[in-house]
Amino acid sequence: MAHTAHAHAGHHVMVHAPPADVGEAYRQAYKQAEPDPGGAVVSVELEAREADWQFMPGRTARAWTFNGQVPGPVIEARVGDVLEVRLTNRLSEPTTLHWHGVRLPAAMDGTDMVQHPVEPGATFVYRIKLLDAGTFWYHSHSNETVQVKRGMYGALIVRGENEPVLDRERVLVVSDAPVGPTGELWSSSAREGRDGNLRLVNGAAEPELMIRGGQVERWRVINASSARYVKLSIGRRPFLVLGTGGGLLEAPVRLGDALLPPGDRIDIAVGPFEPGDTVALLSEPYDRGFGSAEAERFATLRVGPRADSRAVIAERLRIIAPLVDGPVTASREVRLGERAGADGEVDYLINETQHLRAEDVVVGEVQIWDIVNTSTVDHPFHLHGFFFQVVERDGTAPAFRSWEDTVNVPAGGRVCIAWVPDDRPGEWMYHCHILEHHAAGMMAHFRVVRAGSHREPSQVSPHVQV
Ligand code: C2O
Ligand code: CU
């Protein structure tokens, strides 16, 4: 078992381990994943392997990749399809794959609580019925501060029936990487999470993109950074938000910029621009507790000759029924905190604990969670496997309703969310999506259980100390 051990916060070496019935849960989930009539099985082969990755002309770094590329291939499918991914591990250490944002059975969630890690040389098949349209992503869920930072992430796009029709659609995976002068990817173990020196769009450092004059494009933007906040600006001109992490909004919303913390996605309509224009894709200054003094460029958009536009954006994109109405009482308080660790580094905590075993939730019971950030830095809160609605931010209802799986909780702030566990029992988790914070303990395991099978919260920590 030594290979699954990893150090948590320097106190003990612990092992996360799946329960004994993990094989049976997997076989059931595999069998149940059948496409809708008219749907397809989308088969994808992903090979986790080291490769030379060219991040700008003439410069490469040794990356950990899917299929030799950073990011991994864009996976595209439709609602009602089944995604079947055959993951082969050619790395020197175990790995797993998490399908960030996707509503799937616990057995396919890719955490070390629902499957045994995929050992070097081994193959594992994820088989997932796709229920929702949206901009999702996949990433390693093992030793993430190494594996994800070195390149193990990619986009998953699921399309629905009534998608807005724009002139062109692009997927922009924004990220950063710490690349040294000789192309080495240094790994910082700094627990607060460091921003990499290279700013990447689809694996290229500050690339140039081309758009036709007069056209309006749909951009699906994913922040795959380990710690970097992106306050997205398209040349400081307004854009239309079409959707967020959990798919389309009810109606487009015009914004000047949008904060995208690690793990989050946004779907926007960009343009039209005048031929000959140059538009900088920026991250505006944002202080997540460590500060960012200047706007930073991610890419440059050059506007080419004018072309006809056939873009139509409906005023109504869909209906999102509110989960709660009127004043609510929280059923759970999730406190995001920090303390000085025994080794002089910061420990990141949920409810004063590293790697919390939180209470079960019961299928069908509305969850109202108050997420309180008592620390001095922002934390992007991520819930696995289920969408939530933001009910309030610091006591104020949000300007528009959306489905989310990741929400920023500012330093000293409070975000109230609502969600309903549908019938997908098993082991789930929530955590900060700054990968170093997650690794340093800011995460909780919990179970979704069926009514009647409700058990007392497990006294047994899922972490076996060795
Ligand atoms: Cu994208 Cu457990 O995370
Ligand atoms: Cu955090």
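Going by the structure above, here's the rest.
Right, let's walk through the structure included here.

So, on to the overall build of the chain. Across its full length, the chain holds 3 helices and 34 strands. Computed over the C-alpha atoms, the radius of gyration of the chain is 21 Å, within 12% of the 23 Å expected from 2.2 N^0.38 for a compact globule of 466 residues. Across its three principal directions, the C-alpha atoms of the chain cover 65 × 55 × 45 Å. By the burial criterion, 57% of the 466 residues in the chain qualify as buried. Across the chain, every contact between residues at least 6 apart in sequence was considered, and the portion connecting residues at least 24 apart equals 76%. For the chain, the accessible area works out to roughly 18,700 Å², and carbon and sulfur atoms hold 50% of it.

As a further point, take the side chain of serine 175. For serine 175, the position within the fold is in strand β11 (residues 168-177). Reaching out from serine 175, the side chain makes a polar contact with the side chain of tyrosine 153 at a distance of 3.4 Å. Leaving out residues up to four positions away in the same chain, serine 175 has contacts with Tyr153, Leu198, Arg199, Leu200, Ala224, Ser225 and Phe298.

Strand order in the open sheet made by the 7 strands is β13-β12-β11-β15-β20-β17-β18, with mixed pairing throughout. What marks the edges here is a single partner per strand, and that holds for β13 (204-205) and β18 (247-255). Where strand β17 (residues 239-244) lies against β18, 5 bridges are found, and the strand directions are antiparallel. Bridge pairing in β18 places valine 241 opposite valine 253.

Moving on: the coordination of the copper ion (ligand 2). Distances from the copper ion (ligand 2) to its protein donors, His379 (ND1), Cys432 (SG) and His437 (ND1), fall at 2.0 to 2.1 Å. Read N to C, the donor residues that coordinate the copper ion (ligand 2) are spaced as H-x52-C-x4-H. Highlighted residues: histidine 379 in strand β28 (residues 379-383) and cysteine 432 in strand β32 (residues 426-432), separated in sequence by 53 residues. Residue class for cysteine 432 comes out buried when judged on its relative accessible area of 1%.

Before going further, it helps to examine the sheet that holds strand β19 (residues 258-260). One open sheet holds the 5 strands; their spatial order is β14-β22-β21-β16-β19, and the pairing between them is mixed. Looking at strand neighbours, the two that pair on one side only are β14 (208-213) and β19, the edges of this open sheet. Strand-to-strand twist across the sheet, computed as the mean angle between neighbouring axes with direction ignored, equals 30 degrees. When β14 meets strand β22 (residues 296-306), the two strands line up parallel, connected through 6 bridges. The residue bridging methionine 210 from the neighbouring strand is arginine 302, located in β22.

Looking at the element boundaries, asparagine 89 is found in strand β6 (residues 82-89). Of the polar contacts made by the side chain of asparagine 89, one reaches the backbone nitrogen of leucine 91; its length is 2.8 Å. The residues contacting asparagine 89, other than those within four sequence positions of it, are Ala48, Pro94, Thr95, Val118, Glu119, Pro120, Gly121 and Ala122.

Now for the environment of glutamate 34. On the secondary structure map, glutamate 34 appears in the loop between α1 (22-32) and β3 (41-56). Judged by its relative accessible area of 46%, glutamate 34 falls in the partly exposed class. As for glutamate 34 and glycine 80, which are separated by 46 residues in sequence, their C-alpha atoms are 8.6 Å apart. If sequence neighbours within four positions are ignored, glutamate 34 has contacts with Val82, Arg127 and Lys129. Reaching out from glutamate 34, the side chain makes a polar contact with the side chain of arginine 127 at a distance of 3.3 Å.

With that settled, consider α1. Of all the positions in α1, only Val22, Tyr26 and Ala29 are classed as buried. Down the axis, α1 shows its buried residues gathered within 65 degrees of arc, on one side only. Those residues of α1 that are exposed and angled more than 90 degrees off the buried face are Arg27, Lys31 and Gln32. Elements that come into contact with the buried residues of α1 comprise β8 (123-129).

Before going further, it helps to spend a moment on the pairing of strand β20 (residues 265-270). The element β20 is extensively covered by neighbouring structure, given that 6 of its 6 residues are classed as buried. On β20, burial covers both faces: Arg265, Asp267 and Ala269 on one face and Ile266, Ile268 and Val270 on the other are all buried.

Let's shift gears to the packing of aromatic side chains. Any aromatic ring pair is given by two values, namely how distant the centres are and how the planes are angled relative to each other. As enumerated under the stated definition, the model contains 19 aromatic pairs in all. With 6.4 Å between their ring centres and 20 degrees between their planes, phenylalanine 136 and phenylalanine 387 make a pair best called stacked. Linking phenylalanine 136 in strand β9 (residues 134-140) with phenylalanine 387 in the loop between β28 and β29 (389-393), this pair joins segments that are 251 residues apart in sequence. Like phenylalanine 387, phenylalanine 136 is buried. Through a chain of ring-to-ring contacts, three or more aromatic side chains come together here, namely Trp369, Phe381, Phe386, Phe388, Trp419, Trp428, Tyr430 and Phe446. In this structure, arginine 127 packs its charged tip against the face of tyrosine 30, placed 5.2 Å from the ring centre.

What follows deals with the pairing of β17. With 6 of its 6 residues buried, β17 lies for the most part within the structure. The turn linking β17 back onto β18 is made up of 2 residues. Pairing geometry for β17 and β20, over 3 bridges, is antiparallel. Each bridged residue has a counterpart across the sheet, and for valine 241 the counterpart in β20 is isoleucine 268.

A word on the nonpolar core. Membership of the largest hydrophobic core comes to 69 residues, with the highest contact counts inside it found for Trp99, Trp369, Phe381, Tyr430 and Phe446. Excluding residues that lie within four positions of it along the chain, tyrosine 430 makes contacts with Arg332, Val334, Ile350, Ala358, Trp369, Phe381, His382, Leu383, Met443, Ala444 and Phe446. Counting 26 residues, the second largest nonpolar core, distinct from the first, contains Val174, Ile211, Leu232 and Leu260.

Quick notes on the rules
- Residues numbered from 1 in each chain as written.
- Chains lettered and ligands numbered in written order.
- Predicted model: local features only at pLDDT ≥ 70, side-chain atom pairs only at ≥ 80, totals over all residues.
- Heavy atoms only, no water.
- Helix = DSSP H or I, 4+ residues; strand = E, 2+ residues; numbered from the N terminus.
- Rg over C-alpha atoms; globule rule 2.2 N^0.38 Å.
- Buried < 20%, exposed > 50% of the residue type's maximum accessible area, 1.4 Å probe, protein only.
- Contact = heavy atoms within 4.5 Å.
- Areas by Shrake-Rupley, 256 points an atom, 1.4 Å probe, with all protein chains shown as cover.
- Polar contact = N/O pair within 3.5 Å; in protein donor to acceptor, adjacent residues only side chain to side chain.
- Pairing = 2+ DSSP bridges.
- Donors = N, O, S within 2.8 Å, 3.2 Å for Na, K, Ca; no water.
- Axes fitted to C-alpha atoms, helices over the stretch in contact; angles between N-to-C directions.
- Arc of directions from axis to C-beta.
- Phe/Tyr/Trp six-rings, centres within 6.5 Å; stacked < 30°, edge-to-face > 60°.
- Lys NZ or Arg CZ within 6 Å of the ring centre and 35° of its normal.
- Core = buried A, V, L, I, M, F, W, Y, C linked by side-chain atoms within 4.5 Å.

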